[in-house]
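This is what each chain is made of:
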Amino acid sequence: MRAKAITATLAILLLPLSAAAAESKSFKKKDFQKQYRQVLGRYAGGDLEGAVTSLVDLESAALTEHGAKVLNRLWKAKLQVLRDLMLEGGLEVLAPVTLFHEDAYVAYLDVGNSPLARHSRTMTADLVQFYSEKVESHESQLMASSLMASLAGRFQEAHLDSAAVELFALALEVDSRNVAALQGLAGIYERRGEYERTVSYLEQLTEVDPPNREGRLRLAVNLIRLERQREAGETLRQLVEEPDSDWILSLAYQELARILTENGDFTSARTLLQEAVHRLPRDPSLPIHLAYLNDRDESVDGDVDLLVSLRRSAADGSDSPRYLYSQIPRSALENLRRSLRQERDHRLLLLAAALDGNHHFETATEAGS
């Protein structure tokens, strides 16, 4: 990660209360911190989308008024608020706040605000690593690993592969069974053409999560690339014997037929593809594969015309199985983020209590001053 930035985060979060930095004359830090606490209170109260919108409005206004120089001041001001909340409510308040700033990062991307998107991305990464380094319970360690993998997935979606690899790897250090991290790393290395490393991560993934059909399909495809057809064939046959009917099944049929074709077993390959067409009648890619096979096998007069099949596929308009395969694998990340949202909802009560306790402390301090 960014050692310098993380060191600064640790310093701010662990500062004694008397060590706060002097307020800038141009940037009214205390006013901003008061509004930031209000935004967090809205978030803790369950108005998740409204809180993100409020933060975007608050920080965008500060950026417009003060320019890019304000970003570091925003960062420090928020961290000082979080330090106070952490002292009041413990480390667990950081988990929902980390998800909050990840949501803000996505919101800034959606509106095209690159400076604040980078700012939120940096802050989220610093918070999740700080949280992972400080929590001790097994449950919290799993939470930290999930937070890392979720953010790494955001990096991967933004094509920040180096940062994604680093954060996925950290997630695995904390929890070696993190399926989303294994799937993410496999996806990155597959796109890079590093098939040995891809297979290594996919083998771990399928060992940790045997029912994972996409993981098993990707493992088979990459085993073929490494000329390990026998192992690939066994995995593909298991997939086609299962009852599911989707793009994964279609590609399993196609890849298994390809192995048979390359071995010269045209009859078995044709029988297999005919079965696939029967099971997936709405899949336009399978007749193309069958027509191509008939074109290659000169001993057979094919009853499927390749040109006709191509025209039907073009007219269908839906994404082909191979196109879906080429996309960043998201199934494990989607499952992980659903679980994170559930865990966040449990911890929002902790954040609300910390905000309430911190508010009473501030009120008492102001009354005594």
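The structure this text deals with has already been given above.
Residues numbered from 1 in each chain as written. Predicted model: local features only at pLDDT ≥ 70, side-chain atom pairs only at ≥ 80, totals over all residues. Heavy atoms only, no water.

### A short note on the overall build of the protein
Then, in step 1: When you go through the protein residue by residue, the secondary structure sums to 18 helices and zero strands.
Then, in step 2: The buried share among the 369 residues of the protein stands at 49%.
Then, in step 3: Restricting to contacts in the protein with at least 6 residues of sequence separation, those with at least 24 account for 67%.
Then, in step 4: Total accessible area computed for the protein in this model is approximately 17,900 Å², and 50% of it derives from carbon and sulfur atoms. (Helix = DSSP H or I, 4+ residues; strand = E, 2+ residues; numbered from the N terminus. Buried < 20%, exposed > 50% of the residue type's maximum accessible area, 1.4 Å probe, protein only. Contact = heavy atoms within 4.5 Å. Areas by Shrake-Rupley, 256 points an atom, 1.4 Å probe, with all protein chains shown as cover.)

### Quick look at helix H13 (residues 247-262)
Then, in step 1: Across its 16 residues, H13 extends 22 Å between first and last C-alpha, which sits within 8% of the 22 Å expected from 1.5 Å per residue.
Then, in step 2: Of all 16 residues that make up H13, 13 are buried, and the element is covered over most of its length.
Then, in step 3: For H13, the N-terminal cap is Asp-246; the gap from its side-chain oxygen to the backbone nitrogen of Ile-248 is 3.2 Å.
Then, in step 4: Just downstream of H13 lies Gly-264, where phi reads positive at about 80 degrees. (Expected span 1.5 Å × (residues − 1). Polar contact = N/O pair within 3.5 Å; in protein donor to acceptor, adjacent residues only side chain to side chain.)

### Details of unusual backbone geometry
What is expected of a backbone is that most residues other than glycine have negative phi and most peptide bonds are trans.
Then, in step 1: Phi is positive for His-159, close to 65 degrees, though the residue is something other than glycine.
Then, in step 2: Topologically, His-159 is positioned in the loop between helix H7 (138-157) and helix H8 (161-174).
Then, in step 3: Look at Glu-227: it is not a glycine, yet its phi comes out positive at around 60 degrees.
Then, in step 4: Inspection of the secondary structure assignment puts Glu-227 in the loop between helix H11 (213-225) and helix H12 (229-240).
Then, in step 5: On the accessibility criterion, Glu-227 (65% relative accessible area) is exposed.

### Notes on helix H14 (residues 266-279)
Then, in step 1: In a regular helix each residue adds 1.5 Å, so 14 residues correspond to 20 Å; H14 covers 20 Å between its end C-alpha atoms and thus fits that length.
Then, in step 2: All of the buried residues along H14 are Ala-269, Arg-270, Leu-272, Leu-273 and Ala-276. The buried residues of H14 occupy one face: seen down the axis, they fall within an arc of 160 degrees. Of the residues in H14, the exposed ones pointing more than 90 degrees away from the buried face are Thr-267 and His-278. (Arc of directions from axis to C-beta.)

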